[in-house]
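Structural description and commentary
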Amino acid sequence: MNISQVSYFILSAYFDIGLFKYLVFLIIMCVYMFIISSNVLLVVVICVNRSLHEPMYMFLCSLFVNELYGSSSLFPFLLVQILSDLHTVSVPLCFLQIFCLYMYVNVEFYNLAVMSYDRYLAICHPLHYNTQMSFNIVFRLTALLWGLSVVVIVLMIIFNASSELCGNIIDRVFCANYYVVKLSCSSATASNIYGLVYTFSVLFSLAALILYTYVKILQVCFSGSKQTRKKAVNTCTPHLVSLLNFSFGSFFAVLQSRFDMSRVPNMMRIILSLYFITCQPLLNPLLYGLKLSKIRITCRTLFSSQT
């Protein structure tokens, strides 16, 4: 079976749960509605309120838009598949979903890295913050993190889509790049080299940047005033929790794709595979909406004015 004969993929991770599928459908629909409403609310609050037109909140707005983008790349697809008797997806739609989900992951990581640099400047170099993080620089960084993600994932898709396929069964509930590469008839050397180069040149560099910024922030916190420590805790805690959640999600994704998980119950494997793309869009609006006082007060004012 080659690429000319493969017109669809079979998602084999789905299994029959009878009438419980309607309950699962309802739960996932409620989760998706909460993600959409909470992230849209925060995007609107930041865009409409002039007091929130600051670099940190602009990057947060980009993060919330990405949560909307990532969740919308997965949840509608899941809802359709849950109610379907045949769990198949066409090859073009599968590659489109891979593009959307992997772009979401890249934008998320880039955005978190830029936000850590923003916090480093605000806490460690407050006197130079306004000049080094002007509106133009914020716009360029935001455009760069989205644009670079598009380029990176398009190249990945080109490498994979040009390969011949010797199968069409994907052991997941959605399309994943690693499982499509495993179906390739020939060696995926070019794709593997590209992945290694990208990982060591970009991802490790950004991880080193995040580590460096937090080491410097901790140094300032221990040597600085009580006010500096309070500012660091208030603005860095939600970002740090989001980073840790992102790291755990990445670890689960790598663990599931690179190691034999056949002994793990099927339901647990599905939950682990969905953890990454589900928890970030759920967690981030709660973290930043409840922890950052400016956003919390603005939301409270908005709701109180409507009652």
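Refer to the structure printed above.
Let us look at the structure shown here. What you see is a predicted model, and the numbers here were worked out from it, not measured in a lab. (Residues numbered from 1 in each chain as written. Predicted model: local features only at pLDDT ≥ 70, side-chain atom pairs only at ≥ 80, totals over all residues. Heavy atoms only, no water.)

**Observations concerning the packing of helix H2 (residues 55-83) against helix H3 (residues 91-124)**
Think of two packed helices as two axes; the pair is described by the angle between the axes and how far apart they sit. Put simply, the rule reads: Fitted lines through C-alpha atoms serve as axes, helices being fitted only where they are in contact, and the angles separating the N-to-C directions of these axes extend from 0 to 180 degrees. A helix here means a DSSP run of H or I that spans at least four residues, while a strand means a run of E at least two residues long, and both kinds are numbered starting from the N terminus. Note on terminology: angles under 35 degrees are roughly parallel, angles over 145 are roughly antiparallel, angles of 65 to 115 are roughly perpendicular, and the others are oblique. Here is the rule for handedness: rotate from the far helix to the near one, and if that takes an anticlockwise turn smaller than a right angle the crossing is left-handed, while a clockwise turn gives right-handed. Charged means Asp, Glu, Lys or Arg here, nonpolar means Ala, Val, Leu, Ile, Met, Phe, Trp, Tyr, Cys or Pro, and polar covers whatever is left, Gly included.
The geometry of H2 relative to H3 is characterised by a closest axis approach of 9 Å and an angle of 160° between their N-to-C directions. What the angle tells us is that H2 and H3 run roughly antiparallel. H2 and H3 meet at a crossing whose hand is left-handed. In the contact of H2 with H3, the residues fall into 17 nonpolar, six polar and four charged.

**Observations regarding the pairing of strand E1 (residues 8-11)**
Going by this rule: Exposure categories follow from relative accessible area, calculated using a 1.4 Å probe and restricted to protein chains: below 20% of the type maximum is buried, above 50% is exposed, and the middle band is partly exposed. Any two strands with at least two DSSP bridges between them are considered paired.
The alternating pattern of E1 places Phe9 and Leu11 on a buried face and Tyr8 and Ile10 on a face that is not buried. Where E1 lies against strand E3 (residues 169-170), two bridges are found, and the strand directions are parallel. Of the residues in E3, the one forming a bridge with leucine 11 is isoleucine 170.

**Considering the pattern of salt bridges**
Side chains that differ in charge, positive against negative, can pair when their charged atoms come close. Note the following rule: By salt bridge we mean one thing: a side-chain nitrogen of Lys or Arg within 4 Å of a carboxyl oxygen of Asp or Glu.
Under the criterion given, the structure shown has three salt bridges. In this structure, arginine 269 engages aspartate 171 in a salt bridge whose closest nitrogen and oxygen atoms are separated by 3.5 Å. With arginine 269 in helix H9 (residues 266-291) and aspartate 171 in the loop between E3 and helix H6 (177-181), the pair connects residues that are 98 residues apart, well separated along the chain.

**Some details on the layout of surface pockets**
Let me state the cut-off plainly: Space inside and on the surface of the protein is sampled on a 1 Å grid over the protein atoms alone, with a cavity defined as a set of points where a 1.4 Å probe fits but cannot get out and a pocket as an open set with protein on both sides within 12 Å along at least 5 of 7 lines; lining residues have an atom within 4 Å of a point. Grid points are joined across faces, edges and corners, and a volume is the space filled by probe spheres set on the points.
Taken as a whole, the largest pocket spans an internal volume of roughly 1500 Å³. Lining the largest pocket are 44 residues, and of these Tyr102, Val105, Leu203, Val254 and Arg258 lie nearest its centre. Counting residues per element, the ones that place at least two in the lining of the largest pocket are H3, helix H5 (135-161), H6, helix H7 (189-223), helix H8 (226-258) and H9. Here the lining of the largest pocket is composed, by residue class, of 29 nonpolar, 13 polar and two charged. Of the volumes computed, that of the second largest pocket is approximately 620 Å³.

**What about the environment of leucine 23?**
Looking at the secondary structure, you find leucine 23 in helix H1 (residues 20-48). It is 26 Å that separates the C-alpha atoms of leucine 23 and phenylalanine 252, two residues lying 229 residues apart in sequence.

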